[in-house]
Amino acid sequence: LKIMHRELWLLGDKTSEVWFDAGATDFAFQAMPGAFVPHGCTAVGSIAVYDLAIYWLGQDAAGANVVFEGAQYRARTVSTKAIDREIATYTNPQGALGFTYLQEGHVFYVLTFPDANVTWVYDIEEQRWHRRCWSDSEGILNRWRANCFTAYAGKLLVGDYQNGNIYYLD
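Cut-offs used in this document
- Residues numbered from 1 in each chain as written.
- Predicted model: local features only at pLDDT ≥ 70, side-chain atom pairs only at ≥ 80, totals over all residues.
- Heavy atoms only, no water.
- Helix = DSSP H or I, 4+ residues; strand = E, 2+ residues; numbered from the N terminus.
- Rg over C-alpha atoms; globule rule 2.2 N^0.38 Å.
- Buried < 20%, exposed > 50% of the residue type's maximum accessible area, 1.4 Å probe, protein only.
- Contact = heavy atoms within 4.5 Å.
- Areas by Shrake-Rupley, 256 points an atom, 1.4 Å probe, with all protein chains shown as cover.
- Lys, Arg positive; Asp, Glu negative; His and termini not counted.
- Charge placed at Lys NZ, Arg CZ, Asp CG, Glu CD.
- Arc of directions from axis to C-beta.
- Pairing = 2+ DSSP bridges.
- Axes fitted to C-alpha atoms, helices over the stretch in contact; angles between N-to-C directions.
- Polar contact = N/O pair within 3.5 Å; in protein donor to acceptor, adjacent residues only side chain to side chain.

*Asks:* Sorry if this is basic, but what is going on with the overall build of the chain here?
*Replies:* Scanning the chain from N- to C-terminus turns up one helix and 16 strands. Over its C-alpha atoms the chain spans a radius of gyration of 17 Å, differing by no more than 12% from the 15 Å that the globule rule assigns to 170 residues. Classification of the 170 residues of the chain by burial places 41% in the buried group. Across the chain, the fraction of contacts at a sequence separation of at least 24, relative to all contacts at a separation of at least 6, is 35%. Accessible surface, the chain: about 9700 Å² in total, of which carbon and sulfur atoms supply 51%. Charge centroids of the chain, computed over 13 positive and 19 negative side chains, lie 3 Å from each other.

*Asks:* Explain helix H1 (residues 81-88) here, please?
*Replies:* In an α-helix, one turn spans 3.6 residues, which is why side chains three or four residues apart end up on the same side. When we look at burial in H1, the residues that qualify are Ile83, Asp84 and Ile87. The buried residues of H1 all sit within an arc of 100 degrees when viewed along its axis, so they share a single face. Looking at H1, the residues exposed on the side facing more than 90 degrees away from the buried face are Lys81, Arg85 and Ala88. Check the buried side of H1 and you find it contacts strand E6 (53-59), strand E7 (65-71), strand E10 (106-113), strand E11 (118-123) and strand E12 (128-135).

*Asks:* Please explain the sheet that holds E7 as it appears in this structure.
*Replies:* Hydrogen bonding along the main chain pairs the strands of a sheet, whether they run parallel or antiparallel. Reading across the sheet, the four strands line up as E5-E6-E7-E8 and stay open at both edges, with antiparallel pairing between neighbours. Every interior strand has two partners, whereas the edge strands, strand E5 (48-50) and strand E8 (74-77), have only one. When strand polarity is set aside, the average angle formed by the axes of neighbouring strands in this sheet is 30 degrees. Pairing between E5 and E6: three bridges, direction antiparallel. Looking at E6, one finds that Val49 is bridged to Ile54.

*Asks:* Can you walk me through the sheet that holds strand E14 (residues 146-152) in this structure?
*Replies:* What the three strands build is an open sheet, ordered E14-E15-E16; its pairing is antiparallel. Looking at the sheet topology across the chains shown, the edges are occupied by E14 and strand E16 (166-168). Taking the axes of each pair of neighbouring strands and ignoring which way they run, one obtains an average angle of 30 degrees across the sheet. Where strand E15 (residues 155-160) and E16 come together, three bridges link them in antiparallel fashion. Bridge pairing in E16 links Leu157 to Tyr168.

*Asks:* How do you make sense of the side chain of Glu7 when you look at a structure like this?
*Replies:* Looking at the element boundaries, Glu7 is found in strand E2 (residues 7-11). Taking the relative accessible area as the measure of exposure, Glu7 reaches 11% and is therefore buried. A polar side-chain atom of Glu7 sits 2.6 Å from a polar atom in the side chain of Tyr73. Not counting residues up to four positions away in its chain, the partners in contact with Glu7 are Lys2, Val18, Trp19, Met32 and Tyr73.

Structure, rendered in structure tokens:
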């Protein structure tokens, strides 16, 4: 379940629906007519909202993991074939974590796969993907340390998955 624009997006395993507050006395919510999405969610932790769009890791009709953007009661694939092939190699895509944030005019959807030790980021404005990582003392590239995000007091704050510290993102 994710709330976007005062509507409920109910993301199931195979399909998704959008519900709204119809104000009925017996049960307030009803499915939005014509808003059935034939794609479900693979990783509950991957669901993130920015403005009037929702992002999540789901499956296409063939059962392959792909990244979706839901907007205007429709879902479209935003991952590339290369990203899809990479995700297919991960042993636990169900553990993916996602969040969105705005920085310097760009909105980013961050998708981390903890078990695969990798972070992919989708620049929504540019409609391009890139990988974020940090290099340890042995030169090994690891997933980006930012595990979660919030904006507070005009600052962008991220939580470090490894040590629990909170940092300003700049």
